[in-house]
Amino acid sequence: MAELTGFAVLPADTFAEGPPSGNFINTDNRETPFDSQPVQGFSGVQFAPSSEDSSTYWFLSDNGFGSQGNSADYLLRLYQVDPDFAGAEEGDATVDVQDFIQLADPNDVIPFDIVNEGTNDRLLTGADFDIESFVIDNNGDIWIGDEFGPYILHFDSTGTLLEAPIATPNPIELNTLNGQDPLVIAHRGASGDLPEHTLAAYEAAIAAGADFIEPDLVTTSDGVLIARHEPLLDDTTNVAEVFSPERQSTKILDGEEKTGYFAEDFTLAEIKQLRTVQSRDYRDINFDGLFEIPTLEEVIELVQKVEAETGVEVGIYPETKHPTFFDEQDLSLEEPLHFAG
């Protein structure tokens, strides 16, 4: 069992110098745009190589506000951060943001247009790349993995891009255990674009090249396996618009008391009255209300249909969710496997 030995907290309202940001996001609970650049949203971390203090780190800032479409004014950076860990360092849990490296393409080596195409500095933004991981080599050069291409991006220690983005996985040799290309498993389907765990999201993931799709499975009251990430339907469907509050219940889930609409309290016929919605408020809400909740049987039929039409073999990587929770309600997910037919 892992044990937390220390922690530090970066406040949500932590900003660094830079131009205003957040002009392209829609939110009801924050006033936008922000006056400068948010620091939050880290996707990678390394020890700061030039630091004499082993507790100082470089953090990668990801691509901004959650999608390519709303992050055109979020500047891509590495932040030098010194967390004062409570517990491990007997610190006060604060985080000191000391410096940053701004990523840019002033030498115009990117062979396609970027947001700041017509500027001298050509600062890179979250609409240009989705940066997810990085390493710093012995020369101080920074190598960053991007998801949009996907690309490998090679910067010097000041954040200047040194060469055109390198497409992956080829010509780079991937150091997997068996020397083969890694498998791409689409968890929840193409959930960054379409509502998660819908046939449309799975089909989009397959079209994008996924080797496997991964449906998470819960059950209905009549024992049919359906694709949902959690038993609770509140955040990913319009259940509150279709059924009255009396259909809510209170249960212990993951050791916590939860009140809401639970999938196992509804028959499959009732589940089919629902429509899915985006599970994150920064995703495109134009897809809300368009798609049903699929059964495992329908997911299998989708894969069989795509394979027959394209000749491309696609695997299904099912994950049963909260099996102990369902066992306690005499609705085991493992035995037997139920289908709608």
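Residues numbered from 1 in each chain as written. Predicted model: local features only at pLDDT ≥ 70, side-chain atom pairs only at ≥ 80, totals over all residues. Heavy atoms only, no water.

Q: Break down a nonpolar patch on the surface for me, citing the residues and quoting the values.
A: Nonpolar side chains collect at one region of the surface, where Leu4, Phe7 and Val9 lie side by side and expose about 320 Å² of accessible area between them. The residue valine 9 is located in the segment before strand S1 (15-16) in this model. On the accessibility criterion, valine 9 (48% relative accessible area) is partly exposed. (Patch = residues over 30% accessible without salt bridge, like charges linked within 9 Å, V, L, I, M, F, W, Y side chains within 5 Å. Areas by Shrake-Rupley, 256 points an atom, 1.4 Å probe, with all protein chains shown as cover. Salt bridge = Lys/Arg side-chain N within 4 Å of Asp/Glu carboxyl O. Helix = DSSP H or I, 4+ residues; strand = E, 2+ residues; numbered from the N terminus. Buried < 20%, exposed > 50% of the residue type's maximum accessible area, 1.4 Å probe, protein only.)

Q: So what's going on with the layout of surface pockets? Residues and values would help.
A: Counted as a void, the second largest pocket has a volume near 330 Å³. Around the second largest pocket, the lining comprises 15 residues; the ones closest to its centre are His229, Glu230, Leu232, Asp235 and Thr236. In terms of residue class, the lining of the second largest pocket is made up of 2 nonpolar, 3 polar and 10 charged. (1 Å grid on protein atoms, 1.4 Å probe; cavity = no way out; pocket = protein on both sides within 12 Å on 5 of 7 lines; lining within 4 Å. Points joined across faces, edges and corners; volume = space filled by probe spheres on them. Nonpolar A, V, L, I, M, F, W, Y, C, P; charged D, E, K, R; others polar.)

Q: Describe a negative patch on the surface, listing the residues and the values that go with them.
A: A cluster of acidic residues, Asp327, Glu328, Asp330 and Glu334, forms a negative patch on the protein surface. Tracing the chain through its elements places glutamate 334 in the segment after helix H5 (323-327). (Lys, Arg positive; Asp, Glu negative; His and termini not counted. Charge placed at Lys NZ, Arg CZ, Asp CG, Glu CD.)

Q: A description of the side chain of serine 61 should follow, citing residues and the corresponding values.
A: Tracing the backbone shows serine 61 in the loop between strand S4 (57-60) and strand S5 (77-83). Residue classification places serine 61 among the buried positions, given a relative accessible area of 0%. Within polar-contact distance, the side chain of serine 61 engages the backbone oxygen of arginine 77 at 2.9 Å. With sequence-adjacent residues up to four places away left out, serine 61 is seen in contact with Gln40, Gly41, Phe42, Tyr74, Leu75, Leu76, Arg77, Tyr79 and Ile131. (Polar contact = N/O pair within 3.5 Å; in protein donor to acceptor, adjacent residues only side chain to side chain. Contact = heavy atoms within 4.5 Å.)

Q: Describe unusual backbone geometry, and please don't skip the residues or the numbers.
A: Here threonine 32 and proline 33 are connected by a cis peptide whose omega angle stands at 5 degrees. When you line up the elements, proline 33 lands in the loop between S1 and strand S2 (37-38). That bond from glycine 149 to proline 150 is cis: its omega, -5 degrees, falls within 30 degrees of zero. Within the fold, proline 150 resides in the loop between strand S8 (142-146) and strand S9 (151-155). Not every positive phi belongs to a glycine, and alanine 93 is a case in point at roughly 70 degrees. Here alanine 93 is to be found in the loop between S5 and strand S6 (95-102). A relative accessible area of 13% means that alanine 93 is categorised as buried. One non-glycine residue, arginine 122, lies in the positive phi region at around 50 degrees. By the secondary structure assignment, arginine 122 is in the loop between S6 and strand S7 (131-136). With relative accessibility at 3%, the residue arginine 122 sits in the buried group.

Q: A description of the environment of lysine 305 should follow, citing residues and the corresponding values.
A: Within the secondary structure, lysine 305 sits in helix H4 (residues 296-310). Exposure remark for lysine 305: the relative accessible area of 42% places this residue in the partly exposed category. In this structure the C-alpha to C-alpha distance between lysine 305 and glutamate 230, which are 75 residues apart in sequence, comes to 27 Å.

Q: So what about the sheet that holds S9? Which residues, and what values?
A: Strand order in the open sheet made by the 4 strands is S7-S8-S9-S10, with antiparallel pairing throughout. Two strands close off the open sheet at either side, each with one partner strand: S7 and strand S10 (166-167). Two elements, S9 and S10, share 2 bridges in a ladder whose sense is antiparallel. Across the sheet, tyrosine 151 pairs through a bridge with alanine 167, a residue of S10. (Pairing = 2+ DSSP bridges.)

Q: Pulling in residues and values, what's your account of the pattern of salt bridges?
A: On inspection of all chains with the given rule, the structure shows 13 salt bridges. Residue glutamate 270 pairs with arginine 247 through a salt bridge whose shortest N-O separation is 3.0 Å. Taken together, the residues span a long stretch of sequence, with glutamate 270 in helix H3 (residues 268-271) and arginine 247 in the loop between helix H2 (239-242) and strand S15 (249-253) at a distance of 23 residues. Relative accessible area serves as the criterion here: at 26%, arginine 247 is assigned to the partly exposed category. For lysine 272, the salt bridge goes to glutamate 298, with nearest N and O atoms at 2.8 Å. Here glutamate 298 lies in helix H4 and lysine 272 lies in the loop between H3 and H4, a separation of 26 residues in the sequence. One salt-bridge network, in which partners are shared between bridges, spans Asp105, Asp108, Glu117 and Arg122.

In short, shape yes, function no, at least from these values alone.
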